[in-house]
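# Fold and geometry: a report
Chain by chain, the residues:
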Amino acid sequence: MESRTYTADAAPGDSVTVAGWVHEIRDLGGIAFLILRDTTGKIQVKFEKDGMADDLVETGLDLHRESVVAVGGDVEEEDRAPTGVEVVPENIEVLAEADPELPLDPSGKVDAELSTRLDNRTLDLRKAEVQAVFEIRAELLRSVREQFRDLGCTEINTPKIVATGTEGGTELFPITYFGREAFMNQSPQLFKQLMVGSGLERVFEIGPIFRAEEHNTPRHLNEATSIDFESAFYDEHDAMDACEAVVIAAYEGIAENCQDELEALGMADSFEVPDAGFPRLSYEEVIERINATGALDEPLVWGDDLPTEGERALGEEIGEHYFITEWPSEIKPFYIMDKEDDELSTGFDLMHPRLELVSGGQREHRHDRLIEGFEQQGLEPEAFEYYTKMFRYGMPPHAGWGLGAERLVMTMLGLDNIREAVLFPRDRQRLSP
RNA sequence: GCCCGGGUGGUGUAGUGGCCCAUCAUACAACCCUGUCACGGUUGUGACGCGGGUUCAAAUCCCGCCUCGGGCGCCA
């Protein structure tokens, strides 16, 4: 296949072999068109029945949609062809036949439900708008990595098989590790913290996290991709600055490098890079403003978690990304540092108007306070000794956050369901493919 | 974990007790058509998630199961 030409590169006057999938065949009688699709686009192949060898015409027109073929021929300029050029075939090689009945329609004439699409993801991904989501996801990860490097971070990879959970509370997937009890890690939290005390100081990780919660919503996955950041000698304000920079870098990367993909999604005109300087609202201010919207039957009081309905009402009012800061200590995990007033924590969330994207904060780096925190949350510090003991050997002040990659893709592209942002999602019922 | 709402040809749908051996689109098959670009036209193929019940009569009502989607809680 070294001589294969992409459809997008086929220029008039060239003698080429194009290879790809049969998108459609339109037989008008004396003339017929085969639309051939590859990753770069589509090209029309013309069959004039009177002027061509019968077996060539027969091979071409007997094909089923989505069969894979290689067509050799001359590229001609033709105003009446959809792309302005068409291939006049000299030979056709059928490389892989497709069954006549497809489990979904890659040409997009008939919709398929998400579950049908996920069951047949390969075919689903032959649609340009579905491909676009994953091209954009890839570009997002690329620009995020670049921004982290600009921030002076080292990329790390931490274990996903662990002996104990991170924070307690969240359900973990148990597994057997050579006869011992083990779990799939819910977050790289503790490991990335250990790295700020190492010579690396500032790190990031992009990797899977596993949550065994039996939720069934369009914004939760049981296996998700977490974009994690942690830095020594940072406080929560520094961490928020880094967070904002990374989110904006992701949008910028896509605005700069994914115009075709945005076009395929019908977003070329509407896509906007958010303005820097995301508002930073205190938890107290947030509950007041949510109460003022009147969206909730019962007003929120200090110490409540923010209900989904309240988050949405406030998000609509604010209309852009915003941070929620100064959360009550009691509803943040033990590793988040308290402020001087120990009712308040340094924890923050980054919200998109639709939903939460990031959770972060300054961390408790004082050994004794950390141990107290474990005990207050009913966790046994002994189980986490691999973690706590490093706080006895010079753990600097530090801060960081975790960002849901799929949630970022979802909110950026306005996807209705987070499963659209994962090739092969794992949710309450789906374990295959 | 608690609570709602669905499952009809390959795909997406219409159909709330008899007018339904089930509508429409797409697909597939055959025929017609020399510039389609969601090509068009004619004819045909193909389905009520599973099990039980109510009824003279069930896609439609009831029960159980399976399965899918959603809401809440929690969270990324």
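Residues numbered from 1 in each chain as written. Chains lettered and ligands numbered in written order. Predicted model: local features only at pLDDT ≥ 70, side-chain atom pairs only at ≥ 80, totals over all residues. Heavy atoms only, no water.

### Re the overall build of chain A
Within chain A, the secondary structure is distributed over 12 helices and 17 strands. If one aligns the C-alpha atoms of chain A with their principal axes, the spans along those axes are about 90 × 55 × 40 Å. Burial statistics for chain A: of 433 residues in total, 52% are counted as buried. Expressed as a percentage of contacts within chain A between residues at least 6 apart in sequence, the contacts between residues at least 24 apart total 64%. Total accessible area computed for chain A in this model is approximately 20700 Å², and 45% of it derives from carbon and sulfur atoms. For chain A, the distance from the average position of its 39 positive side-chain charges to the average position of its 90 negative side-chain charges is 3 Å. (Helix = DSSP H or I, 4+ residues; strand = E, 2+ residues; numbered from the N terminus. Buried < 20%, exposed > 50% of the residue type's maximum accessible area, 1.4 Å probe, protein only. Contact = heavy atoms within 4.5 Å. Areas by Shrake-Rupley, 256 points an atom, 1.4 Å probe, with all protein chains shown as cover. Lys, Arg positive; Asp, Glu negative; His and termini not counted. Charge placed at Lys NZ, Arg CZ, Asp CG, Glu CD.)

### Quick look at the domain arrangement of chain A
As far as domains go, chain A holds domain 1 (7-96) and domain 2 (122-279 + 320-421). Placing a centre on the C-alpha atoms of domain 1 and another on those of domain 2 gives a separation of 48 Å. (Domains from an automatic or database assignment.)

### A look at the protein's contact with RNA strand B
Lining the immediate surroundings of RNA strand B are 54 residues, of which E24, R26, D27, R80 and E214 lie closest. Near the protein, meaning within 4 Å, the atoms of RNA strand B are sugar or phosphate in a fraction of 58%, with bases accounting for the rest. Within the backbone of E113, a nitrogen or oxygen atom sits 2.9 Å from a phosphate oxygen of RNA strand B. Counting only elements with at least two residues in the surface near RNA strand B, the list comes to β2 (15-27), β3 (31-38), β4 (41-48), α2 (114-119), α9 (308-318), β16 (356-362) and β17 (398-404). (Near = heavy atom within 4 Å. Polar contact = N/O pair within 3.5 Å; in protein donor to acceptor, adjacent residues only side chain to side chain.)

### Considering the sheet that holds strand β9 (residues 174-177)
An order of β8-β10-β9 is seen for the 3 strands of this open sheet, with the pairing classed as antiparallel. What marks the edges here is a single partner per strand, and that holds for β8 (161-162) and β9. (Pairing = 2+ DSSP bridges.)

### Remarks on the side chain of E230
Mapped onto the elements, E230 comes out in strand β12 (residues 223-232). Taking the relative accessible area as the measure of exposure, E230 reaches 0% and is therefore buried. A distance of 2.7 Å separates the side chain of E230 from the side chain of R363, its partner in a polar contact.

### Quick notes on the nonpolar core
Residues L140, F148, I227 and W401 are the most contacted members of the largest nonpolar core, which totals 52 residues. Listed by contribution, the elements that provide at least two residues to this core are α4 (128-150), β11 (202-210), β12, α6 (236-257), β15 (348-351), β16, β17 and α12 (405-413). Ranked by residues supplied to this core, first place goes to α6 with 10 residues. Residues A10, V16, L36 and V71 belong to the second largest nonpolar core, which totals 22 residues. (Core = buried A, V, L, I, M, F, W, Y, C linked by side-chain atoms within 4.5 Å.)

### Quick notes on the pattern of salt bridges
Considering all chains together, one arrives at 32 salt bridges under this definition. Measuring nitrogen to oxygen at the nearest pair gives 2.8 Å for the salt bridge that ties D105 to R65. Of the two residues, D105 sits in the loop between β6 (85-96) and α2 while R65 sits in the loop between α1 (54-61) and β5 (68-77), which places them 40 residues apart along the sequence. Residue classification places R65 among the partly exposed positions, given a relative accessible area of 34%. Put simply, R137 and E406 hold a salt bridge, and the shortest N to O gap is 3.1 Å. In this pair, R137 sits in helix α4 while E406 sits in helix α12, placing the two residues 269 residues apart along the sequence. The pair R137 / E406 is uniform in exposure class, with both members buried. (Salt bridge = Lys/Arg side-chain N within 4 Å of Asp/Glu carboxyl O.)

### Details of the packing of aromatic side chains
Enumeration according to the criterion identifies 17 aromatic pairs in this entry. Here Y283 and W327 contribute two aromatic rings whose centre-to-centre distance is 5.3 Å and whose plane-to-plane angle is 40°, an arrangement assigned as tilted. Here W327 lies in the loop between β14 (322-325) and β15 and Y283 lies in helix α8 (residues 283-293), a separation of 44 residues in the sequence. Take Y283 and W327: they sit in the same class, and that class is buried. For the ring pair Y387 and F391, a centre distance of 4.9 Å and an interplane angle of 65° mean the geometry is edge-to-face. Given a relative accessible area of 0%, Y387 falls into the buried group. Here a set of aromatic residues connected by ring pairs shows up, and it is made of F334, Y335, F374, F384, Y387 and F391. (Phe/Tyr/Trp six-rings, centres within 6.5 Å; stacked < 30°, edge-to-face > 60°.)

### Details of the pairing of β12
Taken across its 10 residues, β12 has 9 buried, putting it largely inside the fold. As judged from the 9 bridges shared by β11 and β12, these two strands associate in the antiparallel manner. The residue bridging I209 from the neighbouring strand is A224, located in β12. Taken together, the 7 bridges between β12 and β17 define a ladder with antiparallel strand orientation. Of the residues in β17, the one forming a bridge with S231 is A399.

### Considering helix α5 (residues 189-196)
Within α5, 7 of the 8 residues are buried, which leaves it mostly tucked inside the rest of the structure. Those residues of α5 lying buried are Q189, L190, F191, K192, Q193, L194 and V196. In this structure, the buried residues of α5 make contact with β8, β11, β12, α11 (385-388) and β17.

### Considering a negative patch on the surface
Taken together, D368, E372, E375, E380, E382 and E385 make up a surface patch of like negative charges. As for its position among the elements, E375 is in helix α10 (residues 367-376). (Patch = residues over 30% accessible without salt bridge, like charges linked within 9 Å, V, L, I, M, F, W, Y side chains within 5 Å.)

### Looking at the state of the cysteines
In the structure shown here, the tally under the stated rule is 0 disulfides. In this structure C243 is not part of a disulfide, and its nearest cysteine sulfur, from C153, lies 12 Å away. Using a relative accessible area of 0% as the deciding quantity, one classes C243 as buried. (Disulfide = S-S within 2.5 Å.)

### A closer look at α8
In an α-helix, one full turn covers 3.6 residues, which means residues spaced three or four apart are oriented alike. For α8, the full list of buried residues reads Y283, V286, I287 and I290. Buried residues along α8 cover an arc of 95° about the axis, so they all sit on one side. Tucked inside the fold, the buried residues of α8 contact β13 (280-282), α9 and β14. Two residues or fewer after α8 comes G294, characterised by a positive phi angle close to 75°. (Arc of directions from axis to C-beta.)

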